[in-house]
Amino acid sequence: MADAKAQKRARFEAVFATLRDELLAYLRQEGMPQDAIDWFSRNLEYNVPGGKLNRGLSVVDSVEILRGRALSEDEYFKAALLGWCIELLQAFFLVSDDMMDQSVTRRGQPCWYRVESVSYIAINDSFMLEGAIYYLLKKHFRTEPYYVHLLELFHDTTFQTELGQLIDLITAPEDHVDLSKFSLAKHQKIVIYKTAYYSFYLPVALSMYMTGIPHATDAAQDPYALAQSILIPLGEYFQVQDDFLDFAAPPEVLGKIGTDIIDNKCSWCVNTALALATPAQRKLLDDNYGRKDAGAEARVKKLYEELGIRARFVEYEEAAYKRIVGLIETIPEHATAPAGQVVLKRQVFKVFLDKIYKRQK
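None of these values were measured; they are calculated from a predicted model. Chains are numbered independently. Their residues run from 1 in the order of the written sequence. Residue-level local features of this predicted model are given only where pLDDT is at least 70; pairs of side-chain atoms are given and counted only at 80 or more, and the full residue set underlies all totals for whole chains, interfaces and linings. Based on all heavy atoms of the structure, the side-chain values leave hydrogens and waters out of the count.

Colleague: I tried to follow the overall build of the chain on my own but got confused; where do I start?
Modeller: Helix and strand assignments come from DSSP, with helices taken as H or I runs of at least 4 residues and strands as E runs of at least 2, each series counted from the N terminus. Helix and strand counts for the chain stand at 14 helices and two strands. Computed over C-alpha atoms, the radius of gyration of the chain comes to 22 Å, within 12% of the 21 Å expected from 2.2 N^0.38 for 361 residues, which places it in the range of a compact globule. Across its three principal directions, the C-alpha atoms of the chain cover 65 × 55 × 40 Å. Summary of the burial criterion: residues with accessible area below 20% of their type's maximum are buried, those above 50% are exposed, and those between are partly exposed, where the area comes from a 1.4 Å probe applied to protein chains only. Here the chain holds 361 residues, and 49% of them are scored as buried. In the chain, once contacts between residues fewer than 6 apart in sequence are set aside, the share between residues at least 24 apart is 75%. When the accessible surface of the chain is totalled, it reaches about 17600 Å², and 56% of it is carbon and sulfur. The size measure is the radius of gyration over C-alpha atoms, and the globule rule it meets is 2.2 Å times the number of residues to the 0.38 power. For this analysis, residues touch if any pair of their heavy atoms sits within 4.5 Å. Note on areas: Shrake-Rupley, 1.4 Å probe, and residue coverage restricted to the protein chains presented here.

Set out below in structure tokens:
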């Protein structure tokens, strides 16, 4: 199993090497100086391939499920290319996000802007990571009937994510704690716009366009609207889980030390605590949340335990799971399509749900 997973990742990573070479060849073709080519190469290598690659790999998985068979070499390349475009988008977000948050490390190495001689050049580097998406889409999909859909999807998703980032930045700045700005409704809005669209809807919608699933003329029957109605709650559930694990999972299981409390994050845990707190408990949160102090953090964690945040999460998780299963079941089990056409399948969504339900890290 682990070996199959490693092989899958290695095959996907081999496509990145091809795409990187295409991007660098474009710079050479444009007569760019060698030091600029080397810089862009280092930017790509440092920021794009190092993560878990879940978003990118899920495009390939979804295309395979929708096609109902192994992909041809050309189909695999195109699905993987769309997956890498999401990873480029993610890299664009992370490089800029790390500067906004003044983060120190990312994926076990210094944030790109903290690498020697990079500094504010990282702003332009993040733009170039985004620009690379559209170069690759044009080069490989320009003649496809769904090309405009791909462009619109990337543009829309990027803007949605930036809106989520804006709400997050002005609601929970690290250097100014104001819990009156927090609420579960605000948390939900941040999560949907900042995470759910690009991490959950984008990979599936790309796979749907690539396999030729058409939009329905009747909006109520549109498969893309149906996919979104499942994937946005799924993305919301994923982020609530992430917030909970930051507080509750042991660092050796999580693989990192949770910092949401000291970083003044607008997390599900603090918003749930705020909704339950007595005036005295609220004062404790106001006095201790978002402080760079281990004692203050411990007091907040103790309050979470007193308020039963663990039990609340179990309750939330079961309700979210049932709701999402119910939504998935609205997809016809044995839908028929004209010969050669593809229809939406429950399995696409079940794979996502099974990966995250009751995860520990």
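More follows now that the structure is in view.
Colleague: Could you clarify how one ought to interpret the pattern of salt bridges in this entry?
Modeller: Between side chains of opposite charge, a pair can form as their charged atoms come close. Salt bridges are counted wherever a side-chain nitrogen of Lys or Arg sits within 4 Å of a carboxyl oxygen of Asp or Glu. On inspection of all chains with the given rule, the structure shows 21 salt bridges. Its salt-bridge partner being Asp 21, residue Arg 20 comes within 3.0 Å of it at the nearest N-O pair. By relative accessible area, Arg 20 is classed as buried at 19%. Judged by its relative accessible area of 40%, Asp 21 falls in the partly exposed class. For the salt bridge of Lys 139 with Glu 22, the shortest nitrogen-to-oxygen distance reads 3.4 Å. On the criterion of sequence distance, the pair formed by Lys 139 in helix α5 (residues 121-141) and Glu 22 in helix α1 (residues 2-29) is long-range, its members being 117 residues apart. Ionic contacts of the salt-bridge type, sharing partners, join the residues Lys 8, Asp 61 and Lys 355 into one network.

Colleague: I keep staring at the packing of helix α7 (residues 184-210) against helix α8 (residues 223-248) and nothing clicks. Help me out?
Modeller: When two helices pack together, their arrangement is given by the angle between their axes and by how far apart the axes lie. Here an angle of 0 to 180 degrees is reported between the N-to-C directions of two axes, which are lines fitted to C-alpha atoms, with helices fitted over the stretch in contact. At a minimum axis distance of 7 Å, the contact between α7 and α8 shows a crossing angle of 130 degrees. Classified by the interaxial angle, the pair formed by α7 and α8 is oblique. The handedness of the crossing between α7 and α8 is right-handed. Nonpolar residues are Ala, Val, Leu, Ile, Met, Phe, Trp, Tyr, Cys and Pro. Charged residues are Asp, Glu, Lys and Arg, and all others, Gly as well, are polar. For the contact of α7 with α8, a count of residues per class yields 18 nonpolar, six polar and two charged. Orientation labels follow simple angle bins: below 35 degrees gives roughly parallel, above 145 gives roughly antiparallel, 65 to 115 gives roughly perpendicular, and whatever is left gives oblique. Here is the rule for handedness: rotate from the far helix to the near one, and if that takes an anticlockwise turn smaller than a right angle the crossing is left-handed, while a clockwise turn gives right-handed.

Colleague: I keep staring at the state of the cysteines and nothing clicks. Help me out?
Modeller: Linking two cysteines covalently via their sulfur atoms produces the bond known as a disulfide. When two cysteine sulfur atoms lie within 2.5 Å, the pair is treated as a disulfide. Within this structure, the stated rule accounts for zero disulfides. Its sulfur unpaired, Cys 266 is 11 Å from the next cysteine sulfur, which belongs to Cys 269. Owing to a relative accessible area of 8%, Cys 266 belongs among the buried residues under this scheme.

Colleague: Honestly, α5 in this entry has me stumped. Any pointers?
Modeller: To estimate the expected span of a helix, subtract one from its residue number and multiply by 1.5 Å. When the terminal C-alpha atoms of α5 are compared, their 30 Å separation across 21 residues agrees well with the 30 Å that a helix rising 1.5 Å per residue should span. Among all positions of α5, only Ala 122, Asp 125, Ser 126, Leu 129, Ala 132, Ile 133, Tyr 134, Leu 136, Leu 137, His 140 and Phe 141 are buried.

Colleague: Got a minute to help me understand unusual backbone geometry in this structure?
Modeller: Most peptide bonds take the trans form, and the phi angle of most residues other than glycine is negative. A positive phi is found at Gln 102, a non-glycine position, where the angle reads about 50 degrees. The topology assignment puts Gln 102 in the loop between α4 (73-101) and β1 (105-106). You will see that Ser 117, though not glycine, has its phi angle at about 75 degrees, which is positive. Assignment of secondary structure puts Ser 117 in the loop between β2 (109-110) and α5. Under the relative-accessibility criterion, Ser 117 is labelled exposed at 52%.

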